[in-house]
Amino acid sequence: MAENSGPAAAPADRSSPSLSPTPPLPRVTIRFCTQCKWMLRAAYYAQELLSTFSTSLGEVALQPATGGVFVVEIITRQERQSQSNVVNVLWDRKSDGGFPETKELKRRVRDVIQPGRDLGHVDRDYNVKTNDAPAVAAGVDSAAEKKEAPKECEDCK
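These figures come from a predicted structure and were not determined experimentally.

Analysis parameters
- Residues numbered from 1 in each chain as written.
- Predicted model: local features only at pLDDT ≥ 70, side-chain atom pairs only at ≥ 80, totals over all residues.
- Heavy atoms only, no water.
- Helix = DSSP H or I, 4+ residues; strand = E, 2+ residues; numbered from the N terminus.
- Expected span 1.5 Å × (residues − 1).
- Buried < 20%, exposed > 50% of the residue type's maximum accessible area, 1.4 Å probe, protein only.
- Arc of directions from axis to C-beta.
- Contact = heavy atoms within 4.5 Å.
- pLDDT = per-residue confidence, 0-100.
- Pairing = 2+ DSSP bridges.
- Axes fitted to C-alpha atoms, helices over the stretch in contact; angles between N-to-C directions.

Q: Quick one: what's the story with helix H1 (residues 39–53), residue by residue and with numbers?
A: Taking 1.5 Å per residue, 15 residues should reach 21 Å; H1 reaches 21 Å between its end C-alpha atoms and fits that length. Within H1, the full set of buried residues consists of Ala42, Tyr45, Ala46, Glu48, Leu49, Thr52 and Phe53. Considered in projection along H1, the buried side chains sweep an arc of 165° and stay on one side of the axis. Counted as exposed and oriented over 90 degrees from the buried face of H1: Met39, Leu40 and Ser51. Its buried side turned inward, H1 meets strand S1 (27–33), strand S2 (59–65), strand S3 (70–77) and helix H3 (102–113). At the C-terminal side of H1, serine 54 shows a positive phi close to 45°.

This is the structure we're talking about:
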């Protein structure tokens, strides 16, 4: 085997904010099952949140996992400049039933980081409840309601 005779890598400059050991807050984490092939869905949600909230979010992270998991969490700093952080689960596929509509996920993020912010068309019919759309009011994809429940992949059982 050949030895690496190139110059040694310089140590990383830890004073840079991008290399800080603690991530910038608020931090949204999307944990998704790689065995179920949900990476593209997770990346789409991340893109939508970054497009809507831009620099109001410190970071959006994708965390690969297994076991059929799809969980969206947000970490914020506790009020009154405390050193502790608060973790809120915004969506859990197993307990909330399926995947969120994009506008519902945006509302839940907004309610944590900027409660007074108007999301425009996303909020337009939010308070209007109709009898023929209970799935929409619950924030579940109506297309997913019409289909059979997706089967877990064999590896996630």
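Still to come is the rest of the account.
Q: Can you tell me about the confidence of the model for the protein, naming the residues and giving the values?
A: For the protein, the mean per-residue pLDDT works out to 79, and 65% of the residues sit at or above 70. Counting contacts from residues 9–15, a segment whose pLDDT is below 50, to residues more than four positions away or on other chains yields three contacts. Every residue in residues 142–147 scores below 50 in pLDDT, and together they form four contacts with partners more than four places removed in sequence or on other chains.

Q: With reference to specific residues and values, describe the sheet that holds strand S4 (residues 85–92).
A: Taken together, four strands build an open sheet; the order of strands is S2-S1-S3-S4 and the sheet is mixed. With partners counted over all chains shown, the strands left at the sheet margins are S2 and S4, one partner each. Along the sheet, successive strands turn relative to each other by an average axial angle of 20°, direction set aside. Across seven bridges, S3 lies against S4 in antiparallel orientation. Bridge pairing in S4 links isoleucine 74 to asparagine 88. Taken strand by strand, H1 contacts S1, S2 and S3, and its axis lies near 165° from that of S1. Against the sheet, H3 makes contact with S3 and S4, and its axis sits at roughly 165° relative to S4, the strand it touches most.

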